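The primary structure of each chain is shown beneath.
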Amino acid sequence: GAFMLVLEGIPEELGRCITQALNIPTIGIGAGRYTDGQVLVWHDIMGLSEQQAKFSKVWQNVKNMTEQTVQAYQSDVKNKNFPDEEHVYYPVDSRSNHE
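Residues numbered from 1 in each chain as written. Predicted model: local features only at pLDDT ≥ 70, side-chain atom pairs only at ≥ 80, totals over all residues. Heavy atoms only, no water.

Trainee: Describe the side chain of T26, listing the residues and the values that go with them.
Mentor: Assignment of secondary structure puts T26 in strand β2 (residues 26-29). A polar contact is formed between the side chain of T26 and the side chain of T19, at a distance of 2.6 Å. (Helix = DSSP H or I, 4+ residues; strand = E, 2+ residues; numbered from the N terminus. Polar contact = N/O pair within 3.5 Å; in protein donor to acceptor, adjacent residues only side chain to side chain.)

Here's what the structure looks like:
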């Protein structure tokens, strides 16, 4: 038997009817507000998808943040601002390891 059911892309009222009729949890992905739980695709909620599903919401636009971060990194490398003093290794004085 089943221990839960995923309901995807169905009218909200149908999701409610199925949830009320079953003795196992229902998890909705585009099945409305009346399922026992919700699941979404990570790329959709983070703004990484090219097309947004009607039932999904973007909580954070990581795509723009990622592009800005990569551009800043690229600029720092081109302009010789990275790596800087803080981000390089130097030989260790072998005497200081034994004192």
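Trainee: Would you mind going over unusual backbone geometry in detail, with residue names and values included?
Mentor: Leave glycine aside and you will find that most residues have negative phi; peptide bonds, for their part, are mostly trans. For the bond from F82 to P83, the omega torsion is -5°, close enough to zero to count as cis. Tracing the sequence through the fold places P83 in the segment after α3 (62-78). Backbone geometry places K80, a non-glycine residue, at a positive phi of 60°. Its location among the elements puts K80 in the segment after α3. Under the relative-accessibility criterion, K80 is labelled exposed at 71%. (Buried < 20%, exposed > 50% of the residue type's maximum accessible area, 1.4 Å probe, protein only.)

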